[in-house]
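Letter by letter, the chains look like this.
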Amino acid sequence: MMLGRQLPAYSPLTLGAIVDSTLAAWLGRGREALEALEDELRARYAPSELLLTDSGTSALRLALQAAHRQTNAPVALPAYTCFDVATAADGAGVPFLLYDLVPETLSPEPGSLRRAFGAGARSAVIAHLYGVPVDLKAVQVVAGEFGAILIEDAAQGSGCEWKGRPAGAHGTLGVLSFGRGEGMTGGRGGALLVNDPQLVAAVQEQWTAAGAPSPPLGSVRDVALLKAQWLFGRPWLYWIPGLLPFLELGETIYRRPHPIGGMSALAAGVVSRTLRLVPDEIAHRRTTARWLRSRMTGVTHISPAEDWEAGWLRYPVLLPGSATEHLNSKHRAAGVMRGYPRALADLEGFGGRCLNSQEFYGGARMLAERLVTYPTHRFAGKSATLELVSIFPNGRTS
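Residues numbered from 1 in each chain as written. Predicted model: local features only at pLDDT ≥ 70, side-chain atom pairs only at ≥ 80, totals over all residues. Heavy atoms only, no water.

1. Some thoughts on the layout of surface pockets
Phase 1 of the analysis: By volume, the second largest pocket is sized at about 240 Å³.
Phase 2 of the analysis: Together, 18 residues line the second largest pocket, and Arg44, Glu161, Val278, Pro279 and Ile282 are the ones closest to its centre.
Phase 3 of the analysis: When residues of the lining of the second largest pocket are traced back to their parent elements, those giving at least two are helix 2 (30-45) and helix 11 (278-295).
Phase 4 of the analysis: If you tally residues by element for the lining of the second largest pocket, the top one is helix 11, at five residues. (1 Å grid on protein atoms, 1.4 Å probe; cavity = no way out; pocket = protein on both sides within 12 Å on 5 of 7 lines; lining within 4 Å. Points joined across faces, edges and corners; volume = space filled by probe spheres on them. Helix = DSSP H or I, 4+ residues; strand = E, 2+ residues; numbered from the N terminus.)

2. Considerations on unusual backbone geometry
Phase 1 of the analysis: Residue Asp307 is not a glycine yet carries a positive backbone phi of 75°.
Phase 2 of the analysis: The exposure class of Asp307 is partly exposed, given its relative accessible area of 48%.
Phase 3 of the analysis: In the Ramachandran plot, Trp312 falls in the positive-phi region, its phi being about 50° despite a non-glycine side chain.
Phase 4 of the analysis: Relative to the assigned elements, Trp312 resides in the loop between strand 13 (308-309) and strand 14 (314-318). (Buried < 20%, exposed > 50% of the residue type's maximum accessible area, 1.4 Å probe, protein only.)

3. Re the pairing of strand 14
Phase 1 of the analysis: Burial analysis of strand 14 places five of its five residues in the buried class, the great majority of the element.
Phase 2 of the analysis: Alternating residues of strand 14 divide into Arg314, Pro316 and Leu318 and Tyr315 and Val317, and every residue in both groups is buried.
Phase 3 of the analysis: Bridge analysis of strand 12 (residues 300-301) against strand 14 gives two bridges, and the strand direction is antiparallel. Following the sheet pairing, Thr300 is matched in strand 14 by Leu318.
Phase 4 of the analysis: Inspection of the sheet shows strand 14 paired to strand 16 (residues 371-375) by five bridges, in the antiparallel sense. Each bridged residue has a counterpart across the sheet, and for Pro316 the counterpart in strand 16 is Thr373. (Pairing = 2+ DSSP bridges.)

4. Focus on the pattern of salt bridges
Phase 1 of the analysis: Under the counting rule described, the total for this entry stands at 12 salt bridges.
Phase 2 of the analysis: Of the charged contacts in the structure, one is a salt bridge between Glu309 and Arg286, with a shortest N-O distance of 3.7 Å. Of this pair, Glu309 sits in strand 13 while Arg286 sits in helix 11, and the two are 23 residues apart along the sequence.
Phase 3 of the analysis: On the accessibility criterion, Glu309 (39% relative accessible area) is partly exposed.
Phase 4 of the analysis: Each of Asp280, Glu281 and Arg378 takes part in salt bridges that share partners, so that together they form one network. (Salt bridge = Lys/Arg side-chain N within 4 Å of Asp/Glu carboxyl O.)

5. Some points on the pairing of strand 1 (residues 49-53)
Phase 1 of the analysis: Burial of strand 1 is extensive: five of the five residues sit out of reach of the surface.
Phase 2 of the analysis: Alternating positions in strand 1 separate into two faces, Glu49, Leu51 and Thr53 on one and Leu50 and Leu52 on the other, with burial throughout.
Phase 3 of the analysis: Here strand 1 runs beside strand 11 (residues 190-194); their pairing, made up of five bridges, is antiparallel. Each residue of the ladder has a partner; that of Leu50, found in strand 11, is Leu193.

6. As for the packing of aromatic side chains
Phase 1 of the analysis: Under the counting rule described, the total for this entry stands at seven aromatic pairs.
Phase 2 of the analysis: A ring pair is formed by Phe83 and Tyr340, whose centres lie 6.1 Å apart and whose planes are at 35°; its orientation type is tilted. In this pair, Phe83 sits in helix 4 (residues 83-92) while Tyr340 sits in the loop between strand 15 (337-338) and helix 14 (362-370), placing the two residues 257 residues apart along the sequence. Accessibility assignment for this pair places Phe83 and Tyr340 in one class, buried.
Phase 3 of the analysis: Ring geometry for Phe96 versus Phe350: centroids 4.4 Å apart, planes at 10°, classification stacked. One end of the pair, Phe96, is in strand 3 (residues 96-99); the other, Phe350, is in the loop between strand 15 and helix 14, and 254 residues separate them in sequence.
Phase 4 of the analysis: Its relative accessible area of 4% is what places Phe96 among the buried residues. (Phe/Tyr/Trp six-rings, centres within 6.5 Å; stacked < 30°, edge-to-face > 60°.)

Shown next, in the form of structure tokens:
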């Protein structure tokens, strides 16, 4: 079990940022940290409205509620994505359909998405998984046929850019996450970007209904977890947090919804102080991804959408057979992990509520069976990765 728990990705973080943010929050300067982060995000994403939340899941929940309030229609969700999308949909209490993905691109399968809209959906969540941007241009064409709202889930979209603008800035609504493995981190926290002024009122209504939660300072536990994230975010120390099962590092689990909260002053301060480190980390991830792509054979590489710059939070590939047949403790020790182990249609207690459960979702189920991801961060060791690549059937390195 120890080797099965790996940090999902590395997010730039410094001890100085944690200490400075803690002191600022606890000495009464928390509002300044929140305002500074708001200013930075507004400058980068230029939204009509911005809300800072306690998590990306809460931001997505607000987006789903606002979209449903605006359209009074079901939402379309990707059949393969992070389980937190299911958590957000459960918390929002909205009816939903699923649409399939193209395994080789992780983009929506146009026919399946069109069928979901044809069956009544008038909004859709579009997720950039593992830092691989989806074909948003094609999605916009399909959504335009139905006048649908697009919720761009950019929780894993750090480094993804299209037309010079980052992921999260292109949908009707955009969702950001600042969790421990999302590329930009505050330990926790999220943001909802309202990119269409016509939806500002609907979002504010949902925010008010949630109690318009005031931001907390940040707890001692939050500080401890941030310090652990900073210290143990290196492969040669993975075994230490791996001994602590309650951390659930690298595990894919479904979490029950919790009340929506505001971002803590501590988290906002850490995000604001580490954003300057993100571009260099993104450049490193892109270099690692090119290196992996040039040397790995015997697997199917995922192709990002045309005209996008990928962020490569992790490097995903499709194995020639089931991931469970190939992965072993040696892979996991180097940070090679399978993707989400089930399609949302097969997620117990969730898939059965899907309004179009008659679809097969073959692409999503293939991804659940065959997709694995490689670490791309600055601490990933190339020599170990090369050795691992050659283990796969028909695989070799050059």
